[in-house]
Amino acid sequence: MEFQLLSEIADYCRSTGKDMAQAMVDYEMKHRGVTREQVYNNLKRILLVMEESVEQGLTQQVISPSGMLDNWAKKIHDANVNTLGASLKKAVARAVAVGEVNACMGKIAAAPTAGSAGIMPAVLVTMMDEHNVPRQRLPDALLVASAVGLIFAKNSSFAGSEAGCMGETGSAAAMGAASIVYLLGGTTEQILESVGFALKASMGLVCDPVAGLVEEPCTTRNAVGVANAFVSAQMALAGLRSLIPADEVIQATREVGELMSPRLKESGQGGLANTKTGREIQKRVFRTEPQK
Amino acid sequence: MPDYPSLFDILGPIMIGPSSSHTAGASRIGSIARQLLGDTPVRAVITLYNSFAKTHKGHGTDKAIVGGILGFGPDDERIRDAFDHAKRSGLAWDFAFVGDLSRFHSNTARVGLTGKDGGTIEVVGASLGGGRIKIQEIEGFPVDFQAQLHTLVVIAEDIPGSIKQISGVIAEEGVNIASMYVSRTEKKANMVIELDQPITASSMERIRTLTWVQFVRLVNPIVEGTSRYEK
């Protein structure tokens with residue numbers, strides 16, 4: 001049970017008759033020497049933090065210390081205009097909510113990173129509240145997401161400094177897509193297709209945060225990331241094939257990450273961070289020393 | 001990443017935002033400094049380097065380190081108000097900022113602490129991303145450990161047989177040594193010994209009372225994954 005590739009997890013599922021969530025429980029029990037109950041208890045702790053962070057961002061005042069984020073989630077949630085349909089609009093607001101809570105030094109669960117922490121909670125809460133998935137199924141969805149994250153971590157990188165935002169919101173979108181497909185009864189093969197779609201849509205996304213802060217454009221990229229997850233899941237569930245298999249797409253993200261200029265990988269020197277306005281914001285935010 | 005990462009290296013950590021490197025990792029450097037002090041800190045002198053120096057304000061790096069020094073974990077919501085908590089608990093602190101020092105990792109902090117009993121410690125640590133950290137210097141000795149295991153730190157006179165005696169105490173307990181790193185100045189030696197399990201307080205006391213041992217501390221592991229299972 002080495003699980004270097006998603007196809008190996010799929011093979012394991014095929015030969016054991018287990019689904020991907022149970023495959024990951026087996027993996028964790030074997031390599032960590034823990035019980036099934038311990039695994040699920042940890043998953044539930046993470047889910048609780050995810051739900052709370054969504055709730056906080058939608059109900060409390062969230063204005064980031066830099067002033068860049070200002071109750072954006074509530075604005076999306078309460079907007080009269082809806083270009084997305086009820087479900088996706090709420091999902092987008094939830095992703096932004098967690099991004100804002102994170103920027104305001106609130107408690108979040110990185111999934112896989114803090115900068116991309118809005119996508120998984122938004123997916124899971126939306127599946128529960130808008131798609132009538134019972135809460136008891138969410139730990140398994142999180143396990144499926146972790147399978148995708150695990151293989152991505154082994155073959156590419158979550159670090160913005162190595163794989164750009166592709167490694168953060170890109171991998172989170174793929175994890176989210178996989179869990180949606182799983183919750184809606186898709187096959188293991190369809191889960192893999194959705195991962196392929198989500199990562200292809202994120203290919204080459206740079207990490208260029210203004211003033212080096214996890215705010216702009218991270219927060220709105222979480223919003224687009226959750227949309228990517230739902231779009232990719234929709235395509236996979238409709239029977240579309242990614243054509244490039246998910247494992248090869250992951251390999252490509254590694255290559256693209258390596259080819260990306262260091263200036264575009266969390267350096268604060270390229271892209272949006274290097275725009276006239278980005279520089280002005282940076283100056284304004286860091287003008288004063290911290291108060292004692 | 002280890003060969004077989006835990007699922008909870010992928011999901012989590014549960015942490016106070018906004019940044020696993022600039023906030024969660026920073027708090028851990030503070031908490032390791034506190035453990036190495038081995039006392040309640042009353043004064044902290046903190047130097048932030050490179051990216052930590054440039055972006056500490058927006059990432060709450062300063063609050064996170066002070067929170068860690070107060071003993072708050074990276075998921076403790078008190079980090080947000082760490083300065084208030086520090087004032088209330090009698091911890092005075094000072095920050096200095098060094099924008100560019102290329103010999104240090106981009107996210108580096110130097111933490112000097114004074115305890116209520118007058119003891120001091122100076123620690124340099126770097127935050128590697130994902131909340132992982134690396135301690136690089138203790139009391140001027142170069143070290144290199146990530147506190148993913150129980151880590152025994154000893155500073156002693158550089159006498160022959162010192163390593164054998166200390167490893168003997170560990171062996172008597174049947175605890176495995178995972179790695180050992182020794183560095184020395186003219187007269188002193190520093191040992192960083194990573195252990196698969198912690199050694200008992202009585203073994204710690206045996207090491208502490210060796211006449212040539214000047215400093216011994218056991219740092220708890222902060223690894224994600226396995227250790228996050230509630231035992």
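Residues numbered from 1 in each chain as written. Chains lettered and ligands numbered in written order. Predicted model: local features only at pLDDT ≥ 70, side-chain atom pairs only at ≥ 80, totals over all residues. Heavy atoms only, no water.

Asks: I keep staring at a nonpolar patch on the surface and nothing clicks. Help me out?
Replies: Residue and element names in this part refer to chain B. A surface patch of nonpolar side chains, amounting to about 270 Å² of accessible area, comprises Ile163, Ile177, Met180 and Val182. Broken down by element, the residue count for the nonpolar patch peaks at 3 residues, all from strand β9 (residues 177-184). By relative accessible area, methionine 180 is classed as partly exposed at 32%. (Patch = residues over 30% accessible without salt bridge, like charges linked within 9 Å, V, L, I, M, F, W, Y side chains within 5 Å. Areas by Shrake-Rupley, 256 points an atom, 1.4 Å probe, with all protein chains shown as cover. Salt bridge = Lys/Arg side-chain N within 4 Å of Asp/Glu carboxyl O. Helix = DSSP H or I, 4+ residues; strand = E, 2+ residues; numbered from the N terminus. Buried < 20%, exposed > 50% of the residue type's maximum accessible area, 1.4 Å probe, protein only.)

Asks: Would you mind going over the sheet that holds β9(B) with me for this structure?
Replies: Sheets are built from strands that pair by backbone hydrogen bonding, the pairs being arranged parallel or antiparallel. All names here are of chain B. As summarised here, the arrangement of the 4 strands in space is β9-β10-β8-β11, forming an open sheet in which the pairing is antiparallel. On the outer flanks of this sheet lie β9 and β11 (213-219), each paired with one strand and no other. Ignoring which end each strand starts from, the neighbouring axes of this sheet average 10 degrees apart. Of the strand pairs in this sheet, β9 and strand β10 (residues 188-195) are connected by 7 bridges, and their pairing is antiparallel. Within β10, the residue paired with methionine 180 across the bridge is isoleucine 193. (Pairing = 2+ DSSP bridges. Axes fitted to C-alpha atoms, helices over the stretch in contact; angles between N-to-C directions.)

Asks: Mind showing me how you'd approach the sheet that holds strand β7 (residues 141-145) of chain B here?
Replies: Residues and elements named next belong to chain B. Here we have 6 strands laid out as an open sheet, ordered β3-β2-β4-β5-β6-β7, and mixed in their pairing. The two strands at the open ends of the sheet, each matched to only one other strand, are β3 (92-98) and β7. For this sheet, the mean angle separating the axes of adjacent strands, direction not counted, is 20 degrees. Where strand β5 (residues 120-129) lies against strand β6 (residues 132-138), 6 bridges are found, and the strand directions are antiparallel. Its bridge partner being in β6, glycine 129 is matched across the sheet by arginine 132. Sheet strands touched by helix α2 (residues 20-37): β2 (41-49), β4 (107-115), β5 and β6. Its angle to β5, the strand with the most contacts, is close to 155 degrees. (Contact = heavy atoms within 4.5 Å.)

Asks: How should the interface of chain B and chain A be read in this particular structure?
Replies: Quite often, the size of an interface is put as the accessible area lost when its parts meet. Chain B puts 42 residues into the contact, and the matching count from chain A is 48 residues. For the pair chain B and chain A, the summed buried area comes to about 3900 Å², and 62% of that belongs to carbon and sulfur atoms. If you look at where chain B meets chain A, you find 0 salt bridges. Our enumeration of links across chain B and chain A arrives at 12 residue pairs in polar contact (both at pLDDT 80 or more). (Buried area = accessible area lost by both parts, 1.4 Å probe. Polar contact = N/O pair within 3.5 Å; in protein donor to acceptor, adjacent residues only side chain to side chain.)

Asks: Would you mind showing me how to read the pairing of β10(B) here?
Replies: Successive residues of a regular strand alternate their side chains across the two faces of the sheet. Residue and element names in this part refer to chain B. In terms of burial, β10 is largely enclosed, as 7 of its 8 residues are buried. As judged from the 8 bridges shared by strand β8 (residues 150-157) and β10, these two strands associate in the antiparallel manner. Directly across from alanine 156, in β10, lies its bridge partner alanine 189. Count of turn residues in the β9/β10 antiparallel hairpin: 3 residues.

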